[in-house]
Amino acid sequence: QVQVVESGGGLVQPGGSLRLSCTATGSVRLIYGAGWYRQAPGKQRERVAEVRSDGTTDYGAFVEGRFTISRDDAKNTVYLQMNNLKPEDTAVYSCNVDLSQTTSWGWASRNYWGQGTQVTVSS
């Protein structure tokens, strides 16, 4: 089995920083690509950042150079470094992962969502 769990959220003041982690555990062979998404109450889900299997990255327009997505393949972990946070960044941040996992038959490719971690930017 595989589980994807985010961590690192919390309460920060405007202008502060947080680093979110997204870790895949269980029968994971490797992560192909991953994305960070966020959703605030009453608002639609937004794409924050993604890193693909070829290493390329993309960011939502609202990121404005403030965030960086990275990965540690040895730990099956994807990070989102967030700097200069703004109140409008307040949301639940969720990780979506494309990965290869072992099975009783060999291996398979699957997509997983984490449960989300709350980020609150407020004074």
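Residues numbered from 1 in each chain as written. Predicted model: local features only at pLDDT ≥ 70, side-chain atom pairs only at ≥ 80, totals over all residues. Heavy atoms only, no water.

Draft legend 1. Main features of the sheet that holds strand S7 (residues 67-72). The strand order S1-S3-S8-S7 describes an open sheet built from four strands, whose pairing is antiparallel. In this open sheet, the two edge strands, each paired with only one partner strand, are strand S1 (2-7) and S7. When the angles between neighbouring strand axes are averaged without regard to direction, this sheet yields 15°. Summarising the sheet, S7 and strand S8 (residues 77-82) pair through six bridges and their orientation is antiparallel. (Pairing = 2+ DSSP bridges. Helix = DSSP H or I, 4+ residues; strand = E, 2+ residues; numbered from the N terminus. Axes fitted to C-alpha atoms, helices over the stretch in contact; angles between N-to-C directions.)

Draft legend 2. View of the side chain of Glu6. Here Glu6 lies in strand S1. The side chain of Glu6 sits in the buried core without any salt bridge; Arg45 is the nearest counter-charge, 9.3 Å away. A polar contact of 2.9 Å, which involves the side chain of Glu6, links it to the backbone nitrogen of Gln115. A polar atom in the side chain of Glu6 sits 2.8 Å from the backbone nitrogen of Gly116. Not counting residues up to four positions away in its chain, the partners in contact with Glu6 are Ser21, Cys22, Trp36, Tyr93, Ser94, Cys95, Gly114, Gln115, Gly116 and Thr117. (Buried < 20%, exposed > 50% of the residue type's maximum accessible area, 1.4 Å probe, protein only. Lys, Arg positive; Asp, Glu negative; His and termini not counted. Salt bridge = Lys/Arg side-chain N within 4 Å of Asp/Glu carboxyl O. Polar contact = N/O pair within 3.5 Å; in protein donor to acceptor, adjacent residues only side chain to side chain. Contact = heavy atoms within 4.5 Å.)

Draft legend 3. Expanded view of the pattern of salt bridges. Tallied over the entire structure, the rule returns eight salt bridges. One salt bridge connects Asp89 with Arg66, and the closest N-O pair in it is separated by 2.6 Å. Within this pair, whereas Asp89 is found in the loop between S8 and strand S9 (91-103), its partner Arg66 is found in the loop between strand S6 (57-59) and S7, the two being separated by 23 residues in sequence. Classification of Asp89 as buried rests on a relative accessible area of 1%. We classify Arg66 as buried; its relative accessible area is 8%. A salt bridge links Asp73 to Arg71; its shortest N-O distance comes to 2.9 Å. A cluster of three or more residues bridged by salt bridges with shared partners is formed by Arg38, Glu46, Arg66 and Asp89.

Draft legend 4. Layout of unusual backbone geometry. The phi torsion at Asn76 lies on the positive side, around 50°, for a residue other than glycine. You can see Asn76 is positioned in the loop between S7 and S8. Non-glycine residue Asn84 carries a positive phi angle of around 50°. Here Asn84 shows up in the loop between S8 and S9. Accessibility expressed as a relative area gives 43% for Asn84, which makes it partly exposed.

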